[in-house]
Amino acid sequence: MDRYLVFGHPVRHSKSPFIHTLFARQTQQELEYGLAEPAVDEFAQALCTFFDQGGKGCNVTVPFKEQAFALVDRLSPRAKRAGAVNTIKLTDDGVLLGDNTDGAGLVADLKSHGVTLADSRILLLGAGGAARGALAPLLAELPSELVIANRTHTKAQQLAAEFHDLGPVTAQTYEQLAGPFDLVINSTSASLQGELPPLAPALIHTDIAIYDMMYSASDTAFISWAKQHGASQTMDGLGMLVEQAAEAFTVWRGIRPGTKQVLRELKRNLGVI
Ligand code: ATR
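What you see is a predicted model; the values in this text were computed from it and never measured.

Some thoughts on the sheet that holds strand β1 (residues 2-7)
Right, so step 1: Read across the open sheet, the 6 strands follow the order β2-β1-β3-β5-β6-β4; overall the sheet is mixed. Only two strands of the sheet have a single partner each, and these edge strands are β2 (31-36) and β4 (74-75).
Right, so step 2: When β1 meets strand β3 (residues 57-60), the two strands line up parallel, connected through 4 bridges. Bridging from a neighbouring strand, Tyr-4 pairs with Gly-57 of β3.
Right, so step 3: Seen against the sheet, helix α1 (residues 16-27) touches β1, β2 and β3 and runs at an angle of roughly 175 degrees to β2.
Right, so step 4: Lying on the sheet, helix α2 (residues 43-52) is in contact with β1, β3, β5 (87-90) and β6 (96-99); it crosses β1 at an angle near 170 degrees.

Okay, here's the thing in structure tokens:
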């Protein structure tokens, strides 16, 4: 049977096996999908061993996405832009192809929530790996403006300069930000520590869409904060998780699975509904 897995550390709580098993059942594909948690300095060896032993493809998550970027034979254009690889496929001619489906997953999830990206003013919080992966797919949707704000302003400036050729992207400090924005995307890891990016509450209004790439069983700190200040449309990263997985599944199997039912089952599994 074709074998796939996700590499991460820690990875025990990953929902990828659950999601991909449902995709396989839905599309009647025969495959198995597992977990691998190598020590941080043993990822390269573990990756080689997996493919030597007949593995067909894998997902890669924190902290291995940049290592995977350096280890694959070939990169997709979107992985090259993202500077990170979250999906690897062994091609029929034996090449390890590195791809990145995170940004496509974000855009697909935003669209499934009915968020309009064309001609919108988007504020992207954070300038780490998650922000980098999101930039090209967001700019491809032709927003009127995309502003990056980051605690360390120089990193936002670097990212804006790097993606400037793809669209109207600029960097501003949190203090400089002036609304109204149509959509705020939180790509920072602040929610992980229960912290908040230093965003002025005045930027939140009833018609704004709020997206936190993080997710948890209850509202993330950022979503609670935005609701408190009047945001009515808030979304967390669970849908993005399912959508990036669907994109990876499509890369591997050539069949696009439906995501709605799988997202519903995942929410049930997590106790969210
Ligand atoms: P990832 O790959 O998930 O993007 P990362 O590369 O470590 O992770 O980036 C984390 C991002 O969250 C960074 O933009 C970081 O800001 P700095 O560049 O200033 O470090 C941001 N971040 C983390 N904690 C934050 C907090 N409490 N407030 C604001 N931004 C925070």
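With respect to the pattern of salt bridges
Right, so step 1: All chains considered together, the criterion is met by 11 salt bridges.
Right, so step 2: Between Glu-145 and Arg-121 there is a salt bridge, with its nearest N and O atoms 2.8 Å apart. One end of the pair, Glu-145, is in strand β8 (residues 145-149); the other, Arg-121, is in strand β7 (residues 121-125), with 24 residues separating them in the sequence.
Right, so step 3: Residue Glu-145 is classed as partly exposed on the basis of its relative accessible area of 23%.
Right, so step 4: One salt bridge connects Glu-162 with Arg-132, and the closest N-O pair in it is separated by 2.5 Å. Remark: Arg-132 occurs in helix α6 (residues 129-139) and Glu-162 occurs in helix α7 (residues 153-163); sequence separation between them is 30 residues.
Right, so step 5: Through salt bridges with shared partners, one network takes in Arg-78, Asp-99, Glu-247 and Arg-256.

Here's the deal with unusual backbone geometry
Right, so step 1: Put simply, Val-62 and Pro-63 share a cis peptide bond, and its omega is 5 degrees.
Right, so step 2: For Pro-63, the position within the fold is in the loop between β3 and α3 (65-71).
Right, so step 3: Here the bond from Gly-179 into Pro-180 is cis, since omega is -5 degrees, no more than 30 degrees from zero.
Right, so step 4: Mapped onto the fold, Pro-180 is located in the loop between β9 (169-171) and β10 (183-186).
Right, so step 5: Unlike most non-glycine residues, Asp-119 shows phi in positive territory, near 65 degrees.
Right, so step 6: Turning to its location among the elements, Asp-119 is positioned in the loop between α5 (102-112) and β7.
Right, so step 7: Among the residues examined, Asp-119 registers a relative accessible area of 64% and is labelled exposed.
Right, so step 8: Phi at Leu-142 is positive, roughly 60 degrees, even though this residue is not glycine.
Right, so step 9: Mapped onto the secondary structure, Leu-142 falls in the loop between α6 and β8.

Thoughts on the packing of α1 against helix α10 (residues 260-270)
Right, so step 1: Direction vectors running N to C along α1 and α10 enclose 140 degrees, while the axes themselves pass 10 Å from each other. It follows from the interaxial angle that α1 and α10 lie oblique. Between α1 and α10 lies a crossing whose hand is right-handed. Residues Phe-18, Ile-19, Leu-22, Phe-23 and Gln-26 of α1 form the contact with α10, whose own contacting residues are Val-262, Glu-265, Leu-266 and Asn-269.

Remarks on the environment of Ser-112
Right, so step 1: Of note, Ser-112 is situated in helix α5.
Right, so step 2: Here Ser-112 falls in the partly exposed class, since its relative accessible area comes to 46%.
Right, so step 3: Remark: the alpha-carbon pair of Ser-112 and Lys-260, spanning 148 residues in sequence, is separated by 9.1 Å.

Focus on the site of the ligand
Right, so step 1: Around the ligand, a shell composed of 16 residues is seen, among which Asn-150, Arg-151, Thr-152, Lys-155 and Glu-195 lie nearest.
Right, so step 2: In this structure, an oxygen atom belonging to the ligand sits 2.9 Å away from a main-chain N or O atom of Ala-130.
Right, so step 3: If the ligand stood free it would expose 640 Å²; the protein chains cover 74% of that surface.
Right, so step 4: A class-by-class count of the residues in the shell around the ligand yields 5 nonpolar, 8 polar and 3 charged.

Re the sheet that holds β9
Paired through their backbone hydrogen bonds, the strands of a sheet run either parallel or antiparallel.
Right, so step 1: Strand order in this open sheet of 6 strands is β9-β8-β7-β10-β11-β12, and the pairing throughout is parallel. The open sheet is flanked by β9 and β12 (233-236), the only strands paired with a single partner. Ignoring which end each strand starts from, the neighbouring axes of this sheet average 20 degrees apart.

Let's talk about the environment of Asn-186
Right, so step 1: Mapped onto the secondary structure, Asn-186 falls in strand β10.
Right, so step 2: For Asn-186 and Leu-123, which are 63 residues apart along the polypeptide, the C-alpha to C-alpha distance reads 8.5 Å.
Right, so step 3: Each residue touching Asn-186, except ones within four places of it in the same chain, is listed here: Leu-125, Ser-191, Pro-197, Tyr-211, Asp-212, Met-213 and Phe-222.

Rules used in this analysis
- Residues numbered from 1 in each chain as written.
- Predicted model: local features only at pLDDT ≥ 70, side-chain atom pairs only at ≥ 80, totals over all residues.
- Heavy atoms only, no water.
- Pairing = 2+ DSSP bridges.
- Helix = DSSP H or I, 4+ residues; strand = E, 2+ residues; numbered from the N terminus.
- Contact = heavy atoms within 4.5 Å.
- Axes fitted to C-alpha atoms, helices over the stretch in contact; angles between N-to-C directions.
- Salt bridge = Lys/Arg side-chain N within 4 Å of Asp/Glu carboxyl O.
- Buried < 20%, exposed > 50% of the residue type's maximum accessible area, 1.4 Å probe, protein only.
- Parallel < 35°, antiparallel > 145°, perpendicular 65-115°, else oblique.
- Left-handed = near helix turned anticlockwise from the far one by under 90°.
- Near = heavy atom within 4 Å.
- Polar contact = N/O pair within 3.5 Å; in protein donor to acceptor, adjacent residues only side chain to side chain.
- Areas by Shrake-Rupley, 256 points an atom, 1.4 Å probe, with all protein chains shown as cover.
- Nonpolar A, V, L, I, M, F, W, Y, C, P; charged D, E, K, R; others polar.

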